[in-house]
Amino acid sequence: YTDSVFLTIPPQLSGNYYIIGVTDYKENVFEGEKENNNVGKALVNLTIPSPANLMVSNLLLPEAVTLGESINLAYTVKNVGDNPAVGTLRDAVHLSADKIFDGAADKLLVNRDRQVLINPGDSIVTTMTTQLPGILEGAYYGIGRTNTLQSIPETSVQDNTKITDGQLNVSI
């Protein structure tokens, strides 16, 4: 039979590597004279892409929402660098009582993972609806962050965060 798998290769690897596949590694299936064909391998050359520079250029949240309701949001990630951004990208949107990101205190609204190819100067726009997390009544800034796992090489990560100008008012 034929099967396939999706492999996540650590982004810092560079050079020649073997990918090795093994079937019946415990030799539970009797194969007689065919026991010597249970290993396959392929040589691959891995290269680290040249660094891009991603930024959250826009983040939109509604002005008000009631606890228990869903929330609509939109954000734009732009490649302002000289090289394409290629790989697995994780974005996150948080709600914060202030304009300073604090991973321990700010509430995660949503994570978004995807495979991307963003050429220099190009953008990707994400719109989604998600459930409001358990938070207290009050006013919150939206904080959008891109490449949060730093899985795509960048010349700078200092511009990966965008904070909304206005606040989202959460009521009961």
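Heads up: the structure comes first, above all this text.
Quick caveat: nothing in here was measured; it's all calculated off a predicted structure. (Residues numbered from 1 in each chain as written. Predicted model: local features only at pLDDT ≥ 70, side-chain atom pairs only at ≥ 80, totals over all residues. Heavy atoms only, no water.)

(A) Structural context of the environment of Ile-135. Assignment of secondary structure puts Ile-135 in the loop between strand S8 (123-131) and strand S9 (138-145). Every residue in contact with Ile-135, bar those within four places of it in the chain, is listed here: Leu-67, Leu-95, Lys-107, Tyr-140 and Val-170. (Helix = DSSP H or I, 4+ residues; strand = E, 2+ residues; numbered from the N terminus. Contact = heavy atoms within 4.5 Å.)

(B) Molecular detail of the sheet that holds strand S3 (residues 54-60). Within the open sheet, the 3 strands sit side by side as S3-S5-S8. Their pairing is antiparallel. Where the open sheet ends on each side, the last strands, each with one partner, are S3 and S8. Within this sheet the neighbouring strands show an average axis-to-axis angle of 25°, counted without direction. (Pairing = 2+ DSSP bridges. Axes fitted to C-alpha atoms, helices over the stretch in contact; angles between N-to-C directions.)

(C) Examining the packing of aromatic side chains more closely. Counted according to the given criterion, the structure contains 0 aromatic pairs. Over the aromatic face of Tyr-18 sits the side chain of Lys-41, whose NZ or CZ is 5.7 Å from the ring centroid. Above the ring of Phe-101, the side-chain terminus of Arg-145 is found at 4.1 Å from the ring centroid. (Phe/Tyr/Trp six-rings, centres within 6.5 Å; stacked < 30°, edge-to-face > 60°. Lys NZ or Arg CZ within 6 Å of the ring centre and 35° of its normal.)

(D) Region of the structure containing the pairing of S9. Pairing between strand S6 (residues 85-96) and S9: 5 bridges, direction antiparallel. Bridged to Leu-95 within S9 is Gly-142. In this sheet, strand S11 (residues 168-171) lies alongside S9 in antiparallel orientation, the contact comprising 3 bridges. Looking at the pairing, Ala-139 lines up with Asn-169 of S11. Sheet topology note: the S9/strand S10 (residues 161-163) ladder contains 3 bridges and is antiparallel.

(E) Representation of the pattern of salt bridges in the model. A complete count under the given rule lists 2 salt bridges for this structure. In this structure, Asp-113 engages Arg-90 in a salt bridge whose closest nitrogen and oxygen atoms are separated by 2.6 Å. Of this pair, Asp-113 sits in strand S7 (residues 107-118) while Arg-90 sits in strand S6, placing them 23 residues apart in sequence. The class for Asp-113 is partly exposed, based on a relative accessible area of 41%. Classification of Arg-90 as partly exposed rests on a relative accessible area of 24%. (Salt bridge = Lys/Arg side-chain N within 4 Å of Asp/Glu carboxyl O. Buried < 20%, exposed > 50% of the residue type's maximum accessible area, 1.4 Å probe, protein only.)

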